[in-house]
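The residues making up each chain are set out below.
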Amino acid sequence: MLETSARLLRLLGLLQTPREWTGAELGQRLEVDVRTVRRDIQKLRDLGYPVHATPGAAGYRLGAGTKLPPLLLDDEEAVAVAIGLRTAASGTVTGIEETSLRALAKLEQVLPSRIRHRVNLLHSATVTVRATGPTVDPDVLTVLAAACRDHERVRFDYHSHDGTDSVRDTEPHRLVHTGRRWYLVGWDTDRRDWRTYRVDRIHPRIPTGPRFTPRPAPDVNLAGYLTHGISTAPYRYQARITLHAPAETAAERIAPTVGVIEAVDPHTCLLHTGSNSLDELAIYVASFGFRFQIHEPPELIAHIRDLTTRLTDAVR
């Protein structure tokens, strides 16, 4: 049988899992009887941890309280948290870099040597290139995430990519992170359609609006929907191009924020992309290094023919 202090920590770790435990299940895990489990539960409550009991089922779960309980992590969880904190220190959310480093320092101080060695080995072999471009305010992310969770409408000032400012009223659905940018997918109540907004361009008006009944998602594949929305739909010219390369190979060179890749067969794929500039499209596609065939738009086909003639004349 574990000593009382070790048993309390073990009990606290079990209660941190997202499920309810019966007294018998906890007793079996801790190798004690149900009466001892009840006494240990009361000791945790006396220490300020809110352990809730389900009436009639004799089930226990840990609720939210005023104290943050110690997190009992296994080896893989500890490595994942340490890597996540290192990544957050150079990420795209404003103001959490120093906080992430402080939390990482606390974690590394108590890591067993076997885990610290794994984390330090990865860190020593990794070079992090800090994210460039606009970052988002964590308070804005918190407001939007809560509105998505609670199904509350949000009004916000929005600065569009074309430089215009407007006030939007939205039923928020999900936040999506592409690795470089945060986006909000939501139903625009004025435009009566789904819209995708860059979070760094959003300035919420507090408090949030009334609750709403959630709508079916615009697409089962929300990541694909977002990729199409930010890489193709907003632009004047929307291109459809066959690349003579496997979809996996093309995906290594073409970021999801640039275009949507659709496999055709093991040797070719279809690229959907867009731009406001025909020159930009022509040069960008040519830089992939793949053989390609343009299907649309016709303006791009005509532009590349003209560009080809001019380039040929330039090297005669």
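Residues numbered from 1 in each chain as written. Predicted model: local features only at pLDDT ≥ 70, side-chain atom pairs only at ≥ 80, totals over all residues. Heavy atoms only, no water.

Caption draft 1: Representation of the packing of aromatic side chains. In this structure the tally under the stated criterion is six aromatic pairs. A centroid spacing of 4.8 Å and a plane angle of 80 degrees characterise the contact between Tyr284 and Phe288, whose relative ring orientation is edge-to-face. A residue is classified by how much of its surface remains accessible, and Tyr284, at 29% relative accessible area, is partly exposed. The buried category is assigned to Phe288, whose relative accessible area is 4%. With centroids separated by 6.4 Å and ring planes inclined at 45 degrees, the aromatic side chains of Phe288 and Phe290 adopt a geometry described as tilted. Phe290 matches Phe288 in its accessibility class, with the two residues each being buried. (Phe/Tyr/Trp six-rings, centres within 6.5 Å; stacked < 30°, edge-to-face > 60°. Buried < 20%, exposed > 50% of the residue type's maximum accessible area, 1.4 Å probe, protein only.)

Caption draft 2: Region of interest: the sheet that holds strand 10 (residues 259-265). Taken together, four strands build an open sheet; the order of strands is 10-11-9-12 and the sheet is antiparallel. At either end of the open sheet lies a strand with only one pairing partner, and these are strand 10 and strand 12 (292-296). For this sheet, the mean angle separating the axes of adjacent strands, direction not counted, is 25 degrees. Direction of pairing for strand 10 relative to strand 11 (residues 268-275): antiparallel, over a ladder of six bridges. Across the sheet, residue Val260 finds its bridge partner in strand 11, namely His272. Taken strand by strand, helix 11 (residues 298-314) contacts strand 9 (237-243) and strand 12, and its axis lies near 135 degrees from that of strand 12. (Pairing = 2+ DSSP bridges. Helix = DSSP H or I, 4+ residues; strand = E, 2+ residues; numbered from the N terminus. Axes fitted to C-alpha atoms, helices over the stretch in contact; angles between N-to-C directions. Contact = heavy atoms within 4.5 Å.)

Caption draft 3: Fine view of the environment of Arg149. Looking at the secondary structure, you find Arg149 in helix 7 (residues 138-150). Arg149 gets classed as exposed once you look at its relative accessible area, which sits at 60%. With 48 residues separating them in the primary sequence, Arg149 and Leu101 have C-alpha atoms 29 Å apart. Within the structure, Arg149 has its side chain in polar contact with the side chain of Asp150 (distance 2.8 Å). (Polar contact = N/O pair within 3.5 Å; in protein donor to acceptor, adjacent residues only side chain to side chain.)

Caption draft 4: Geometry of the sheet that holds strand 2 (residues 51-54). Strand order in this open sheet of three strands is 1-3-2, and the pairing throughout is antiparallel. The outermost strands of the open sheet, each flanked by one partner alone, are strand 1 (21-22) and strand 2. Across four bridges, strand 2 lies against strand 3 (residues 59-62) in antiparallel orientation. Paired with Ala53 across the strands is Tyr60, a residue of strand 3. Sheet strands touched by helix 1 (residues 4-15): strand 1, strand 2 and strand 3. Its angle to strand 3, the strand with the most contacts, is close to 90 degrees.

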